[in-house]
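Spelled out from the first residue to the last, the chains are:
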Amino acid sequence: MNSLNLQVRIMMKRKRSPKPLPPPPSTPPTPQTQSRHSTNLSKSRLWIPLNLTRQDLSLPLTFPTGQTFRWKNTAPFQYTGVIGSHLVSLKHLQNGDVCYSLHSQSNHDAKTALLDFLNADVSLADTWEVFSANDERFAGLAQHLGGARVLRQDPFECLIQFMCSSNNHISRITKMVDYVSSLGDYLGHVEGFDFHAFPTLHQLSLVSEQQLRDAGFGYRAKYIVGAVSALQSKPGGGEEWLHSLRKLDLQDVISELSKLPGVGPKVAACIALYSLDQHHAIPVDVHVWRIAQKYLLPELAGSKLTLKLCKRVAEAFVTKYGKYAGWAQAVLFIAELPSQKAILPEHLRTIKQAKPAKIENSEEESE
């Protein structure tokens, strides 16, 4: 056998030889670490069209705008979050259309749950046409803020999130919500973020006030513990009771929610709008108060915001925008966020920033 044939045979043997196995890990893999590995392969996942255009749903104008604090920006034009037991990513294609990908193993009715969460049965085009006909400024904003939707969240999840938001700022709210979320069942890891199902009422009841205080919740700790306890005493269960509020009129919803510890009119209005189908609920804070003074109730300029005036502001929004007034308020609020004001034409960003003012008779406390 010549030397050339010998080299060929040796090379063929080397090619067929299996690669050596990697050394065993120091600790055996757990279901959690295996799940993290599998759910981080988002690039190879199937992306499914959602049949929504950018004008139907703008992800950057919907998720990081103060409605929810649980969705993460996991890639350019991509947001990932949890709906029930479903770990979901949403992203815009180059043409603006929205598609989704499921990371969790439980895919049953995931698309139905997703469309419900997105309030997809509400036509944004039809709703905004009504707003634009009644408000010239809204018509101008609509050209730049298309696709800003109001979400339909789980009521218990929404309640706890907005209890964390009381007298607080976005980065700290997000940290608090991340802590509460970590108490739920682990679902996966996507682009640097861990995701959990939101804890059940029972799971959250196992957390003490001191644990929440140690985690930086301040005075909100006692309110969250108190609200959880109050919900546990509801006939049929607190989560079911919260869902039942969707059948009530707005004033009854606000009244019932305000009986929970730490829930004042503004937080109640947020919960009503973002989870309880109360599309004309108006959460009045200092930003909405400025908008109202500038465009709806100029005669109140310079007045001090009271609970009575909060009601008057809410009524003014409903009079002008109708049964979906809360959706109009959300767009006007988004237009005042620094990230959005920077891209609006000068004539559409005329409200000057001022120091935040507390609402008289509110239930908020200082740290």
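Residues numbered from 1 in each chain as written. Predicted model: local features only at pLDDT ≥ 70, side-chain atom pairs only at ≥ 80, totals over all residues. Heavy atoms only, no water.

Student: Would you mind showing me how to read the sheet that holds strand β3 (residues 78–83) here?
Tutor: Sheet strands pair by backbone hydrogen bonding; their relative direction is either parallel or antiparallel. A sheet is described by the order of its strands in space; here five strands give the open sequence β1-β5-β4-β3-β2, paired in antiparallel fashion. Edge positions in the open sheet fall to β1 (48–52) and β2 (72–75), since each of these has one partner strand only. Taken pair by pair, the neighbouring strands of this sheet meet at an average axis angle of 35°, ignoring direction. Of the pairings in the sheet, the one linking strand β4 (residues 86–92) to strand β5 (residues 98–102) comprises five bridges and is antiparallel in character. Across the sheet, the residue bridging to His92 is Val98, located in β5. Along the sheet, helix α4 (residues 110–117) makes contact with β1, β3, β4 and β5, crossing β1 at roughly 35°. (Pairing = 2+ DSSP bridges. Helix = DSSP H or I, 4+ residues; strand = E, 2+ residues; numbered from the N terminus. Axes fitted to C-alpha atoms, helices over the stretch in contact; angles between N-to-C directions. Contact = heavy atoms within 4.5 Å.)

Student: Please clarify how the pattern of salt bridges should be interpreted in this entry.
Tutor: For side chains of opposite charge, pairing can occur when their charged atoms come near one another. Following the criterion strictly, the structure yields nine salt bridges and no others. With a closest N to O distance of 3.0 Å, Arg70 and Glu157 form a salt bridge. Of this pair, Arg70 sits in the loop between α3 (59–62) and β2 while Glu157 sits in helix α7 (residues 155–165), and the two are 87 residues apart along the sequence. A relative accessible area of 9% places Glu157 in the buried class. The shortest N-O distance in the salt bridge between Arg213 and Glu209 comes to 3.0 Å. Of the two residues, Arg213 and Glu209 are both situated in helix α10 (residues 209–214); the distance of four residues between them amounts to about one turn of the helix. Given a relative accessible area of 35%, Arg213 falls into the partly exposed group. Overall, the relative accessible area of 31% leaves Glu209 in the partly exposed class. Several salt bridges converge on common partners, so that one network encompasses Asp116, Arg152 and Asp277. (Salt bridge = Lys/Arg side-chain N within 4 Å of Asp/Glu carboxyl O. Buried < 20%, exposed > 50% of the residue type's maximum accessible area, 1.4 Å probe, protein only.)

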